[in-house]
Amino acid sequence: MTLLASACTGQSTDQAGDNPNKDVTINFWHGWSAPSELKAINDDIAAFEKVHPNIHVHAVPNVNDDKINQALRAGGPDAPDVVSSFTTDNVGKFCSSGAMADLGPFLKKSGIDPQATFPKPMLDYTQYDGTRCTLPLLGDAYGLYYNKDAFKAAGITSPPHTWSQFQTDAVKLTKPSGNSYSQLGFMPDFHGYESTPAHYAAQWSPTYFDAKGDSEVAKDPAFAQMFTYQKGLVNALGGFTELEKYRSTFGDEFGAKNPFQTGQVAMAMDGEWRLGMAQQAGVKFPIGVAPLPVPDDQADTYGKGYITGTVVGIAAHSQKQNAAWEFVKFITTDTDAVVDFSNEIHNVPSTLAALKSPKLNQDPGFQTFVDIAENPNSNTTPASPNGGQYQVTLQDFAYSYEAGKVSDLTAGLKGVDKQVDEDTAQAK
């Protein structure tokens, strides 16, 4: 991402001199690679070209952010005009470096009000410091998966709404076996796939930075409360050492032997994609889906969750920005296009209209994630000028804290703030 520092400055709609009504080909780089995903994005492109027969989209699939960053720096006739990224952490660099064009003038010219079009968390992770250089292109919402058979056997009649209820249920669902487990209620460790500090913390609605951009991890009690709860949960389920031994027996997160799918854990923190993966893996037990629990003193916010997703924008070096905008506008704001894409790849829609569309997948499990995305208390991790480095710093501390290498939580969180502020200052 350091390559972005030397990227050229973006252009506004008034500076983009191309005529979008003339015959033109634009390059679109994206990261999708699975056959079903490629069919979905190609269907979206075909729908766009039907409406705009003069604009031809040359799609380049399976492109990661490293290649995108190099292309944004180098430019040239084969470079992308439109890029999409699965990594919202990089939006801060895209915007602050000028590698991606400011979409504000394009939105204004098209009469699109972002606040009335996109869910707030998605608005948050597609801009940095007042510059909106990307738009959301489908999203991910995190919730709670649970094994209904295991719940019934443990006498649990409904998913937990608060973290205290969750701990009680996780203990009930845990079955020790010798020096291990035959079933664990939940894998709470920060290495436990999706049980990351950011995904936990979202349920406390934290503030990562103050208005000046300084790290707030030690000042906002949400983080200390989250860490204290997670450590208590680890201890209640057997302790860090025993849990890590059990975690070493888990299969790949995205394979058929994911521990929730095999029944090794009875509850899991995961995104909407797990529904389809579990079905493909032939899971034998009925699966329940619900929002993640919330702190007991925030019980009225139950239903919220962590939101992230794919972003799309226009390369600042592009000489076809107006044509590129027509494509970006279509795939991000056309309700049928967003709904069709969502239904095909089983990600959450990224516009308020698409979330309410009757054409959207009506599966009750999927609708749970739609509700989480619509919840006004759902939140995300904010953009920063050095990508997700602040999250890496927080996560590194989390690994040390849960392992007992750091005993003073308050001092440790202050250390996180100090490191994050130093890193941010260097990036500006």
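Keep in mind the model is a prediction, meaning the values are calculated, not measured. (Residues numbered from 1 in each chain as written. Predicted model: local features only at pLDDT ≥ 70, side-chain atom pairs only at ≥ 80, totals over all residues. Heavy atoms only, no water.)

### A look at the overall build of the protein
Link 1 in the chain: A count of helices and strands for the protein gives 19 helices and 9 strands.
Link 2 in the chain: For 428 residues, the compact-globule formula gives about 22 Å, and the C-alpha radius of gyration of the protein, at 22 Å, lands near that figure.
Link 3 in the chain: Viewed in the frame of its principal axes, the protein has a C-alpha envelope of about 70 × 45 × 35 Å.
Link 4 in the chain: Sorting the 428 residues of the protein into buried and exposed places 57% on the buried side.
Link 5 in the chain: Surface summary for the protein: the accessible area is close to 17600 Å², and the carbon and sulfur share equals 49%.
Link 6 in the chain: One finds the centroid of the 31 positive side-chain charges in the protein at a distance of 2 Å from the centroid of its 49 negative side-chain charges. (Helix = DSSP H or I, 4+ residues; strand = E, 2+ residues; numbered from the N terminus. Rg over C-alpha atoms; globule rule 2.2 N^0.38 Å. Buried < 20%, exposed > 50% of the residue type's maximum accessible area, 1.4 Å probe, protein only. Areas by Shrake-Rupley, 256 points an atom, 1.4 Å probe, with all protein chains shown as cover. Lys, Arg positive; Asp, Glu negative; His and termini not counted. Charge placed at Lys NZ, Arg CZ, Asp CG, Glu CD.)

### Structural notes on the packing of helix α1 (residues 35-51) against helix α15 (residues 335-345)
Link 1 in the chain: One can describe the packing of α1 onto α15 by two numbers: an axis separation of 9 Å at closest approach and a directional angle of 170°. In terms of orientation, α1 and α15 fall into the roughly antiparallel class. Residues S36, E37, K39, A40, I41 and D44 of α1 touch α15, and the partners they reach there are A337, F341, E344 and I345.
Link 2 in the chain: Residue composition of the contact of α1 with α15, grouped by class: 5 nonpolar, 1 polar and 4 charged. (Axes fitted to C-alpha atoms, helices over the stretch in contact; angles between N-to-C directions. Parallel < 35°, antiparallel > 145°, perpendicular 65-115°, else oblique. Contact = heavy atoms within 4.5 Å. Nonpolar A, V, L, I, M, F, W, Y, C, P; charged D, E, K, R; others polar.)

### Structural notes on helix α14 (residues 321-333)
Link 1 in the chain: Taking 1.5 Å per residue as the helical rise, α14 with its 13 residues ought to reach 18 Å, and the 17 Å between its terminal C-alpha atoms agrees with that figure.
Link 2 in the chain: Along α14, 11 of the 13 residues are buried, which leaves the element largely enclosed by surrounding structure.
Link 3 in the chain: Buried within α14 we find Q321, N322, A323, A324, W325, E326, F327, V328, F330, I331 and T332. (Expected span 1.5 Å × (residues − 1).)

### Digging into the nonpolar core
Nonpolar side chains in soluble globular proteins tend to be buried together.
Link 1 in the chain: Counting 119 residues, the largest nonpolar core has F227, M267, W325 and F327 as its most contacted members.
Link 2 in the chain: When residues no more than four places from it in sequence are discounted, the contact partners of F227 are F190, L394, F397, A398, Y401, L409 and L413. (Core = buried A, V, L, I, M, F, W, Y, C linked by side-chain atoms within 4.5 Å.)

### Quick look at the pairing of strand β3 (residues 82-85)
In the case of a regular strand, side chains alternate between the two sheet surfaces.
Link 1 in the chain: Residues V82 and S84 of β3 are buried on one face, and the alternating residues V83 and S85, pointing to the opposite face, are buried as well.
Link 2 in the chain: Alignment of β3 against strand β9 (residues 307-314), held across 4 bridges, turns out to be antiparallel. Residue S85 lies in a different strand from β9, and its bridge partner there is V311. (Pairing = 2+ DSSP bridges.)

### Some points on the pattern of salt bridges
Close approach of charged atoms lets side chains of opposite charge pair.
Link 1 in the chain: By the definition in use, this model includes 9 salt bridges.
Link 2 in the chain: As a salt-bridge pair, R274 and D270 come within 2.7 Å of each other at their nearest N and O atoms.
Link 3 in the chain: Accessibility expressed as a relative area gives 1% for R274, which makes it buried.
Link 4 in the chain: We classify D270 as buried; its relative accessible area is 3%.
Link 5 in the chain: One salt bridge in this structure joins K418 and E422, with 2.7 Å as the shortest N-O distance. Residue K418 and its partner E422 are both found in helix α19 (residues 409-427); the two are separated by 4 residues, about one turn of the helix.
Link 6 in the chain: Judged by its relative accessible area of 53%, K418 is exposed.
Link 7 in the chain: On the basis of relative accessibility, which here comes to 35%, the residue E422 falls in the partly exposed class. (Salt bridge = Lys/Arg side-chain N within 4 Å of Asp/Glu carboxyl O.)

### A closer look at helix α17 (residues 364-374)
Link 1 in the chain: A large share of α17 lies buried, amounting to 8 of its 11 residues.
Link 2 in the chain: Of the positions making up α17, those classed as buried are G365, F366, Q367, T368, F369, V370, I372 and A373.

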